[in-house]
Amino acid sequence: MAEKKIEKLPNKKPRPVEGHKPAADVLRGVVDKVYADAWKAKKEGKLVGWSSSKFPIELAKAFDLNVVYPENHAASAAAKKDGLRLCQAAEDMGYDNDICGYARINLAYAAGEPTDARRMPQPDFVLCCNNICNMMTKWYENIARMHNIPMIMIDIPFSNTIDTPEEKVEYLMGQFNYAIKQLEELTGKKFDEKKFEDACAIANRTAKAWLKSCSYMGCKPSPLSGFDLFNHMADIVAARCDVEAAKGFELLAEEFEQSIKEGTSTWEYPEEHRILFEGIPCWPGLRSLYEPLKNNGVNVTAVVYAPAFGFVYNSIEEMAAAYCKAPCSVCIETGVEWRETMAKQNGISGALVNYNRSCKPWSGAMPEIERRWKEDLKIPVVHFDGDQADERNFSTEQYKTRVQGLVEIMDERKEIRLANGEEVYTNFDNTTETDWSKSTLEEE
């Protein structure tokens, strides 16, 4: 079946929101500043660290440490089409091509492989946390071994229950205290309680604004596409304790609010269908992901990857519980509840799943989660083979075929509902909130 071309809606005009500086102008420099500050610190002989994306960075901020993020760096290299070369360089070093593409890119870079993409200073220490996945431990151990530098580790065991038990929080609190001692030894400074509290306040402000921005996908029509959120992932990962990131996301939420009032959207095509996109995007082929959806009027109005990096807490104990909530570290019941609640909030009529070869813990849970969606939400679900960084594992033609198959099923079901006088989006329910952390998002 040939793709149908969807024309731009004539009544949809591009923003910025009148009277405000566009969020993009603020956010564009946020990650650049993180890297620039790290390079400046390195040149001045100060310590610079590499951190996993969900390490409790508030602890490091209490010591004024400059930290950059290998996952963010690897995604940037992949998006700029240098990921494959770096992956192959890591494979030449003896790393198997079956491990995470981010890890291969970063291990090659850590070993001195140059890149034309964004560069980051080599580390003086590493901060590791395994709530993203257990492979992070070995990845960061290898970095530490290469550079003969200390590794500060926070172990967050997999959650076998929906609620975070008290003993798990106590276990994490003990690790936080030990990590603080390690950071004191590393820096020669005492833990600064005031700086820690300030970092937590900014992190909460950033998270609230980010979650609020994400929530606008639930509007019908949506003032944005999930791909807009993908474009800001570097900001929420690398700069959640930076005031400029908080300001940028607050402005982004304001712009989405203004778009609703004006009837405009960054998604400038008819919303023939609204879907959930599951997983990390294929950064080397982001346009290839977007184009078939655009050409079929399919807007992504639900993603789990973006809001997973926004969590709100009111105490250090709640912070520990919040860091337990990552897509790969929660039990199946929690993962299903997150996604099904979002699907109902955001009115989806289908789901598209990336079976990401680089992220086996995430993809491994998907067959059961898919089964629950089909049973509970009565929606069609299709999946494709992809990879967040290694372009060898993504086929554009296979993806187009899968999208077309999903569209055909959704078209058929939409016609039946319209013929019966039913609502097009049968799952639309804005009355519940998704619990991304122990403390849910509060209205400001």
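Structure: above.
This section reports on the structure supplied with the text. (Residues numbered from 1 in each chain as written. Predicted model: local features only at pLDDT ≥ 70, side-chain atom pairs only at ≥ 80, totals over all residues. Heavy atoms only, no water.)

## Details of the packing of helix α13 (residues 286-295) against helix α17 (residues 396-419)
The following threshold applies: Comment: axis = line fitted to C-alpha atoms, over the contacting stretch for helices; angle = value between 0 and 180 degrees taken between N-to-C directions. Note on conventions: DSSP H or I runs of at least 4 residues are helices, E runs of at least 2 residues are strands, and numbering of each starts at the N terminus. An angle below 35 degrees is treated as roughly parallel, one above 145 as roughly antiparallel, one from 65 to 115 as roughly perpendicular, and anything else as oblique. By definition, turning the near helix anticlockwise from the far helix through less than a right angle yields a left-handed crossing, and turning it clockwise yields a right-handed one. Residue contacts follow a heavy-atom distance rule, with two residues in contact if any of their heavy atoms lie within 4.5 Å. Three classes are used, and their members are as follows: Ala, Val, Leu, Ile, Met, Phe, Trp, Tyr, Cys and Pro are nonpolar, Asp, Glu, Lys and Arg are charged, and the others, Gly among them, are polar.
The N-to-C vectors of α13 and α17 enclose an angle of 30°; their axes lie 10 Å apart at closest approach. When the interaxial angle is binned, α13 and α17 end up roughly parallel. The handedness of the crossing between α13 and α17 comes out as right-handed. From α13, Ser288, Leu289, Pro292 and Leu293 reach across to α17, where they touch Thr396, Tyr399, Lys400 and Val403. Partitioning the contact of α13 with α17 into residue classes produces five nonpolar, two polar and one charged.

## Some thoughts on helix α4 (residues 70-79)
What counts is decided by this rule: Accessible area is worked out with a 1.4 Å probe on protein chains only. A residue is then buried under 20% of its type maximum, exposed over 50%, and partly exposed in between.
Counting buried positions over the ten residues of α4 gives nine, a clear majority of the element. Three or more residues of α4 are buried, namely Pro70, Glu71, Asn72, His73, Ala74, Ala75, Ser76, Ala77 and Ala78. Of the residues trailing α4, Lys81 is marked for its positive phi of about 65°.

## Structural notes on the environment of Val403
Among the secondary structure elements, Val403 is positioned in helix α17. Residue classification places Val403 among the buried residues on the basis of a relative accessible area of 2%. C-alpha of Val403 to C-alpha of Glu197: the two residues are 206 residues apart in sequence and 46 Å apart in space.

## Remarks on the side chain of Glu184
In this fold, Glu184 is placed in helix α8 (residues 166-187). Overall, Glu184 belongs to the buried group, its relative accessible area being 18%.

## Details of the sheet that holds strand β6 (residues 298-303)
Here is the rule we go by: By this definition, two strands are paired if DSSP reports at least two bridges between them.
Here we have four strands laid out as an open sheet, ordered β6-β5-β7-β8, and parallel in their pairing. The outermost strands of the open sheet, each flanked by one partner alone, are β6 and β8 (381-386). This sheet shows a mean twist of 30° between the axes of neighbouring strands, independent of strand direction. For strand β5 (residues 273-278) and β6, the ladder comprises five bridges, and the chain directions are parallel. Directly across from Leu276, in β6, lies its bridge partner Ala302. Sheet strands touched by α13: β5, β6, β7 (350-356) and β8. Its angle to β6, the strand with the most contacts, is close to 125°. Packed on one face of the sheet, helix α15 (residues 332-346) meets β5 and β6 and runs near 135° to β6.

## Regarding the packing of aromatic side chains
Condition: Only Phe, Tyr and Trp rings take part, Trp by its six-membered ring, and two of them pair if their centres are within 6.5 Å. Stacked means planes under 30 degrees apart, edge-to-face means over 60, and tilted covers everything else. For a Lys NZ or an Arg CZ to count as sitting over a ring, it must be within 6 Å of the ring centre and within 35 degrees of the ring normal.
The final tally for this structure, using the stated rule, is 19 aromatic pairs. Their ring planes at 75° and their centres at 5.3 Å tell us that Phe227 and Tyr290 sit as a pair that is edge-to-face. With Phe227 in helix α10 (residues 226-230) and Tyr290 in helix α13, this residue pair connects regions lying 63 residues apart in the sequence. Residue classification places Tyr290 among the partly exposed residues on the basis of a relative accessible area of 22%. Where Trp267 meets Tyr269, the ring centres are 5.4 Å apart and the plane angle is 65°; that geometry is what we call edge-to-face. These aromatic residues form a ring-pair network of at least three members: Phe227, Phe230, Trp267, Tyr269, Phe277, Tyr290, Phe384, Phe394 and Tyr399. When the ring centre of Phe309 is taken as reference, the NZ or CZ atom of Lys54 above it lies at 5.3 Å. Above the plane of the ring of Tyr35 lies Arg118, whose end atom (NZ or CZ) is 4.4 Å from the centre.

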